[in-house]
Amino acid sequence: MTAQPVVSRHDLLTRYDSRAPRYTSYPTALQFSNAVDADVYGDWLSALDPAEPVSLYAHIPFCDRLCWYCGCNTRVVNKPALISDYVDHLIDELILVEKRLPGRIKAGAVHLGGGTPNMLSRDDLVRLFGAMRHVFPFAPGVEISAELDPAVLTEGWVKAAAFHGLNRASLGVQDLAPHVQEAVNRIEPFDVVARAVHWLRQAEVASINLDLMYGLPRQTTADVVATLDKVLALRPERIALFGYAHVPWARPHQKLILDEDLADAAGRLEQSQAAAERLVRAGYVAIGLDHFALPSDSLALGLASGTLRRNFQGYTTDPHPTLIGLGASSIGRLPQGYAQNQSSEVMWRAAIAAGRLPVARGVALTDDDRLRADVIERLMCDFAVDLGVVAARHGVSAGVFVDDIAKLESLRADGLARVDGDVIRLTEEGRPFVRLVAQAFDRRSEPQERFSRAI
């Protein structure tokens, strides 16, 4: 047997320091077009199976402060009346969706994202939950989750949300080092995070996730590990460790972050691997590219059973094939394809006021898209895929992947991926490069600067 060539980490990072999609969907949002509009979306809604529960996602595009690293569609707002009016429009959007449904459809999962959902007043939160329950009756055991900013969270808000079923919460932490917080305009002492976790535990919110980041400006490996040492004392059920995506051409406020303050590919990899090692030592199971969970958590159980999924919120065990997106810029997924609402809040409001579904763009899925989405999802979740099994599931031969496998030759030669017949498997060293392996099976996207860095 010929010995595998030894390639230094420096050479690997130099060779593969490129950009690739995060693959929270396939096709990616860059492939969306106005070919999917309100009429198309309405037809898709009408074709849903009333017996099949759906997931709901409501986007709340408001924050109390502008975090310079943020890549989300959000803005700073300090007028409660404007937020309340936004909720009025969300409720009107629900009514527009209801008119196109073929019957009563239950909601099996509800997620509030943003922005900062806890910018909603308690009254507005209650109104929104009431409208959701009216249009999509909540199924028994419904999972209700929300992304929260600890700095503006109140005990009263937590109690109100828990009363209406909140059972999963995700708290943005990012990094606790003062010099890093200053560099991203997010000042948040550890005591603020601990207080938020305490309120959620008291309200019997069953699962808490903490969002952390690496690759932030002025951040060092020591900062990442020190942050982990503090937050692990709170014993969250999950930790998401995201790599900062520097895309100032898409998010102009990121221009406030200086390029020279950012770690290079080697520094980012060192930070992510040091964090992963610390989390595994603390008893967490590594989930896909950037999540960690306690062994008893549903993410870890989903990984073990092969039912782990990936969507716009990251890794999930949500089994529902349909996601209804609500709010400005929200993206929904239906069996026929993806549909995204107007990103402009003004245009979103105007469409709803005119009695139109506020969809601006999307993409209809082809059979080939579904096939490749399946392959990419398995790679992103399991770091491996049996192309024969996937092909059989879609009624085609694994031979359709011959050209895609050929694209892996460099990664295989460098010891980052193995090809054993129809099985593609990333090596331990190759896992940080999983997005590049997935990209080999992407027939829609071409490498381009609009994507974030792959490592």
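Just so we're clear, the structure is a prediction, and the values are computed from it rather than from any experiment.

Calculation notes
Residues numbered from 1 in each chain as written. Predicted model: local features only at pLDDT ≥ 70, side-chain atom pairs only at ≥ 80, totals over all residues. Heavy atoms only, no water. Pairing = 2+ DSSP bridges. Helix = DSSP H or I, 4+ residues; strand = E, 2+ residues; numbered from the N terminus. Axes fitted to C-alpha atoms, helices over the stretch in contact; angles between N-to-C directions. Contact = heavy atoms within 4.5 Å. Salt bridge = Lys/Arg side-chain N within 4 Å of Asp/Glu carboxyl O. Buried < 20%, exposed > 50% of the residue type's maximum accessible area, 1.4 Å probe, protein only.

Comments concerning the sheet that holds strand E17 (residues 384-386)
Each strand in a sheet pairs with another by means of backbone hydrogen bonds, the pair being arranged parallel or else antiparallel.
Reasoning step 1: The three strands lie next to each other as E17-E19-E18, forming an open sheet whose pairing is antiparallel. Either end of the sheet is taken by a strand with one partner, and the two such strands are E17 and strand E18 (417-420). Adjacent strand axes in the sheet meet at a mean angle of 10°, parallel and antiparallel pairs treated alike.
Reasoning step 2: As paired elements, E18 and strand E19 (residues 423-426) share four bridges and run antiparallel to each other. Bridge pairing links Arg418 to Arg425 in E19.
Reasoning step 3: Across the sheet, helix H12 (residues 367-382) touches E17 and E19, and the angle it forms with E17 is around 140°.

Side note on the side chain of Asn341
Reasoning step 1: With respect to the element layout, Asn341 can be found in strand E15 (residues 337-341).
Reasoning step 2: Excluding residues that lie within four positions of it along the chain, Asn341 makes contacts with Glu93, Gly325, Leu326, Gly327, Ser329, Ser330, Trp348, Pro358, Val359 and Ala360.

Describing the pattern of salt bridges
Reasoning step 1: Per the stated rule, a full pass over the model turns up 27 salt bridges.
Reasoning step 2: Across the pair Glu155 and Lys159 runs a salt bridge, and its minimum N-O distance is 4.0 Å. Separated by four residues within a single helix, Glu155 and Lys159 lie in helix H5 (residues 155-163), roughly one turn from each other.
Reasoning step 3: With its nearest N and O atoms 3.4 Å apart, the salt bridge here joins Arg443 to Asp404. One end of the pair, Arg443, is in the segment after helix H16 (434-439); the other, Asp404, is in helix H14 (residues 402-406), and 39 residues separate them in sequence.
Reasoning step 4: A relative accessible area of 0% places Asp404 in the buried class.
Reasoning step 5: Connected through shared salt-bridge partners, Arg65, Asp149, Arg186 and Glu188 make up one network.

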